[in-house]
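# Tertiary structure, described
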Amino acid sequence: MNRTVTLYLNVFVIATCGLVYELVAGTLASYLLGDSVTQFSTCIGVYLSALGVGAWLSKYVQKSPARTFIEVELAVAVLGGFSAPLLFLCFAKLAVFSVALYGTVFGIGVLVGLELPLLMRILKDAMEFKDLISRVLTFDYIGALIGSLLFPILFVPNLGLVRTSLVFGILNALVGFWGTWILESTISGNVQLLRARGVLALVLLTIGLIKADSFTTLAEDQLFSEPVVYAKTSSYQRIVVTQGPSGFSLTLNGALQFSSLDEYRYHESLVHPAMMSVVEPRRVLILGGGDGLAAREVLRYDSVTAITLVDLDPAMTQLSAEFPPLARLNHRSLFDPRVHVVNADAMLWIEEVGEPYDVIIIDFPDPNNFALGKLYTRRFYRLLRRQLHDAGAVGIQCTSPLFARTSFWCVINTMEDAGFRLHPYQVPVPSFGVWGFAVAKHGDFEPPSRVPDNLLFLNSSVLAAMFSFPNDMTRVETEVNRLDNQALVHYYDDDWRSLR
Amino acid sequence: MNQLNRRELLASFLAAPVALNGCARREPLPPLPPGEIVGASAAVGHRLRQSAALELADDQWQRARVVIIGGGIAGLAAARTLLRAGVDDFVLLELEDAIGGTSRSGTGDVVSYPWGAHYVPAPTRENLPLVELFDELDVFEGVDERGDPVVAEPFRCRFPQERLFYKGRWYDGLYLWAGASADDLRQWQAFQREIDAWVSWRDGRGRRAFAIPMASGSDDPEVTRLDQITMAEWMDERHFSSDRLRWLVDYSCRDDYGLRLSETSAWAGLFYFASRRDVPGGDSRPFITWPEGNGRIVSHLYRQVKSQCRLGWAVLDVNPGANGIEVIASRYTDSTLAGWRADKVIFAAPQFLTRFMIRPYCETVPAHVSEFQYSAWAVANVTLTTPPQSRDAPLAWDNVLYESPSLGYVSATHQRGMDYGTSVLTYYYPLCAADPVTERQRLLDTDRDAWADVVLTDLEVAHPELRQTALRLDVMRWGHAMIRPTPGFVWGGARQAASRPFRGIHFAHADLSGIALFEEAFFRGMTAAEQVVAELQV
């Protein structure tokens, strides 16, 4: 292949990679900081101005533009390739994140900006100036187009953000490495040393790609239809946040907990029927609900003086407090002075009886293992009763009465067996499908007929309708879920298996 | 320990491939977790045998209507029975510094754990004294349709109850269903039919063949004849050749008696299966358990009789005379001697000790005493930073290794509902590779570090991370853990001879039933005390 053509290929790859790095940065910024218009425009602005700075700096490169060109290309490969992992590491800390974000974007911009002028200086003797300008810029813009198309269509869905940036870094480094042969005649100084640096860059990026599993696993990147923007394995579970065009979702051990698009339907339905079943509720207990979203709904009530939130996983409650998109969504509920967060296994915590609660909200993940199944047992509900004020009410999520009908009614039957009086209900939550809840008290009661004003989903007519069940969701006989039979976990397995 | 010794040690306690594998790795092993040998009875016990003639001054003598020797379940049950009958002028002497015998438990930072017996099958309504005891422990909530007490949820063994590790995978349950052939399944069903036949069997007086306590079962020759052959012979006669069926029965014999299938009396082997089933084809009685095992029952009983108990007192001499019985004991911390003059003695220690304590027995050992043989056990409690990891069947209460001579482990944290963080496993190893005397010596010759290595190497097969997550490993060496119901022992006459009171000394221990069960110990202690009370009132 002729030398000039291969150099055009260089231009093409540099342009593609440069744009991909910029897209990675812009995407991460919009996920984390919200307001994608602002984030993308500031990222593009910083990037373009940095390109200008790079172009201006190119005049200070006096000797051996070819050598500098290769060095710059290797530097872009390393900086750009590691940009996504670096930003992931800074994800939970907003202040650090902004510095890292704009620093990376600016650095990449400067380096990419250096490249084109240097390349033109290398090629200036090989052809006429008008041809040079036209061809270099043509390949530059085509590269940008290809990058902008491949990024959302091919790479992010299959590889995730971290691997995408590392793969482009490797591509970038390979082209630079190859360039040491194409430009060998024009490179001054020790070429072998330059090649050694190329190898070093490739090795670093490859290690990064292998280690990418510590951020997100490849399986996860392929499993979730939307990009993974946060992933962490805590002592208790795998926490993954994915970001789509208009909202983000939280999954625990692969099970969807909420989507920011419609979580208000779920959390309003979980919280308000119980809260409205008690006059002037003051003390509220939330079991599970480490995302802070149920707490957000409870905090709408001025009568509430104290909320105890018991969630197993400190990593989860910390994420809810510090991860900006989630903290925005839950209105920073975990920072409210009325909220007291306890990280403990609810089964053990609930054995200690203190002052009873007016309302208890139960928001555990679905019972897909025995450690969760124990939180749905008759034993648990009996202990729960001791925590509930005589006139208090419980609001509980009990999985889908449509997809997991036996499981849903097993929860209801078990609570009844433990001595609760219940009103089960169901509402549509698009991300989940039809979802089931119940409001429970010690004795007989009428379900509430009104809800607070200004809710996004619930109103009195929805409330009036949701306590009736269509024929395909009506009550079925089940065993009572006990610690020594874990009937619910078996039902739940069977229910979901029959859907596959 | 050098490599060669280590290999010999592991090979002697574990299957050869496990031992080889345990020694094969190149990288140095992480250091063993800290821990100690728990219980000091072996040294103190052996000192008993060497006691010289004892002379006590007058002021060293005390009066007591009854002296109870031994603070295991039988002794505690006897003490409780005396108190309930209004007899409070008694003293209970226990050799160890902890009460409870083989039902004792230990206390850790997160959970208490058993050092021996760790469950009781739920009693039926017929076993009134036991129902009453468990009522005091709030174990029951109401009765079922048959009138049997219903065990409340926290005291039922938490699901999953059992799992089995076989060739690299965990499977649910204790019978290895995976890969069972049609013939295996046919034999399994035939075995269940044999058991069911014994469950529904009744003698002329309407008694079950195998009942709890065993004294309430039948002594009909059709039943007692089973005691003349081994369980292995019984299975051979019925062509039960299926490996996995024989494994299960062998496991059950090791678990309940510390004996191999080929050593266990068929009567005892069938007792294990048939006594726990109410009706043919029915489930076994549910298990009552606590994180600390039967240690919970011990604490409850001990609270009731604590002021009469003396811990750390070794009985040296029991001398029945014309004016009652003289009991001399020594406190092993300071060798203080004390004597009691009692009307009655309840000997609630194992039979083998009678020849070292009861003076006429020391002079002429009765023939029946040497018939009582005991199996040796090692029990280890392992504290881990995280629950044991496994991909297949999740952690159960009882976790058994098919290919290991140990019985696997029970998880105290599982029953407690602790599914994360620090975990405690109780590991059981019955020494039944040779005769009991040899095995007892092997038990005592093996120190804490060697036992710790054996336990970790064994469990590592299923949990490779174990050495890294082990925080602590303590070991209890039970020299005389369980009476051995070998053929001829249960119905051969020795038991009956040993049960008869001897000059005001009444005997009470599970070994008099021939099977080391909590229910038997409780029954023996209670009935001995009842008899004593009756005789005192005459």
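Coordinates for the structure precede this section.
These notes cover the structure that comes with them. (Residues numbered from 1 in each chain as written. Chains lettered and ligands numbered in written order. Predicted model: local features only at pLDDT ≥ 70, side-chain atom pairs only at ≥ 80, totals over all residues. Heavy atoms only, no water.)

### A look at the sheet that holds strand S3 (residues 248-252) of chain A
Residues and elements named next belong to chain A. An order of S1-S2-S3-S4 is seen for the 4 strands of this open sheet, with the pairing classed as antiparallel. Two strands in the sheet have a free side with no partner beyond their single neighbour: strand S1 (228-233) and strand S4 (255-259). Taken pair by pair, the neighbouring strands of this sheet meet at an average axis angle of 15°, ignoring direction. Here 5 bridges tie S1 to strand S2 (residues 238-243), and the two strands are oriented antiparallel to one another. The residue bridging Tyr-230 from the neighbouring strand is Val-241, located in S2. Sheet strands in contact with helix H11 (residues 314-322) are S1, S2 and S3, and its direction is about 30° off that of S2. (Pairing = 2+ DSSP bridges. Helix = DSSP H or I, 4+ residues; strand = E, 2+ residues; numbered from the N terminus. Axes fitted to C-alpha atoms, helices over the stretch in contact; angles between N-to-C directions. Contact = heavy atoms within 4.5 Å.)

### Some remarks on the sheet that holds strand S5 (residues 283-288) of chain A
Residues and elements named next belong to chain A. If you walk across this open sheet you meet the 7 strands as S7-S6-S5-S8-S9-S11-S10, and the pairing is mixed. Only two strands of the sheet have a single neighbouring strand rather than two, namely strand S7 (339-342) and strand S10 (421-429). Each neighbouring strand pair of the sheet contributes to a mean axis angle of 15°, computed without reference to strand direction. Bridge count between strand S8 (residues 357-363) and strand S9 (residues 388-397): 5 bridges; the pairing is parallel. By the bridge assignment for S9, Val-359 is matched with Ala-393. Sheet strands touched by helix H15 (residues 378-387): S5, S8 and S9. Its angle to S9, the strand with the most contacts, is close to 135°. Packing of helix H16 (residues 405-417) onto the sheet brings it into contact with S9, S10 and strand S11 (433-441), and relative to S10 it is tilted by some 160°.

### Side note on the pairing of S3(A)
Residue and element names in this part refer to chain A. Among the 5 residues of S3, 5 are classified as buried, and the element is accordingly described as predominantly covered. Side chains of S3 alternate between two faces, with Phe-248, Leu-250 and Leu-252 and Ser-249 and Thr-251 buried alike. Taken together, the 5 bridges between S2 and S3 define a ladder with antiparallel strand orientation. Bridge assignment links Val-241 to a residue of S3, and that residue is Leu-250. What sits between the antiparallel neighbours S2 and S3 is a turn of 4 residues. Note: S3 against S4, 4 bridges, orientation antiparallel. Each residue of the ladder has a partner; that of Ser-249, found in S4, is Ser-259. In this antiparallel pair of consecutive strands, S3 and S4, the connection spans 2 residues, and Asn-253 shows a positive phi of 50°. (Buried < 20%, exposed > 50% of the residue type's maximum accessible area, 1.4 Å probe, protein only.)

### Description of the nonpolar core
Judged by nonpolar contacts, the single largest core of 94 residues is most densely connected at Val67(B), Phe210(B), Trp267(B) and Val318(B). With 8 residues, the top contributor of residues to this core is helix H10 (residues 266-274) of chain B. Excluding residues that lie within four positions of it along the chain, Trp267(B) makes contacts with Phe210(B), Met214(B), Val223(B), Leu226(B), Asp227(B), Val490(B), Trp491(B) and Ile515(B). In this structure, Val105(A), Met120(A), Val191(A) and Val229(A) belong to the second largest nonpolar core, which totals 82 residues. (Core = buried A, V, L, I, M, F, W, Y, C linked by side-chain atoms within 4.5 Å.)

### Examining empty space enclosed by the protein
Residue and element names in this part refer to chain B. Counting across every chain of the model gives 4 cavities of 30 Å³ or more. Approximately 50 Å³ is the volume found for the second largest cavity. What lines the second largest cavity is His-118, Tyr-251, Asp-255, Asp-398, Leu-407, Val-410 and Tyr-428. Within the lining of the second largest cavity, the residues separate by chemical class into 4 nonpolar, 1 polar and 2 charged. (1 Å grid on protein atoms, 1.4 Å probe; cavity = no way out; pocket = protein on both sides within 12 Å on 5 of 7 lines; lining within 4 Å. Points joined across faces, edges and corners; volume = space filled by probe spheres on them. Nonpolar A, V, L, I, M, F, W, Y, C, P; charged D, E, K, R; others polar.)

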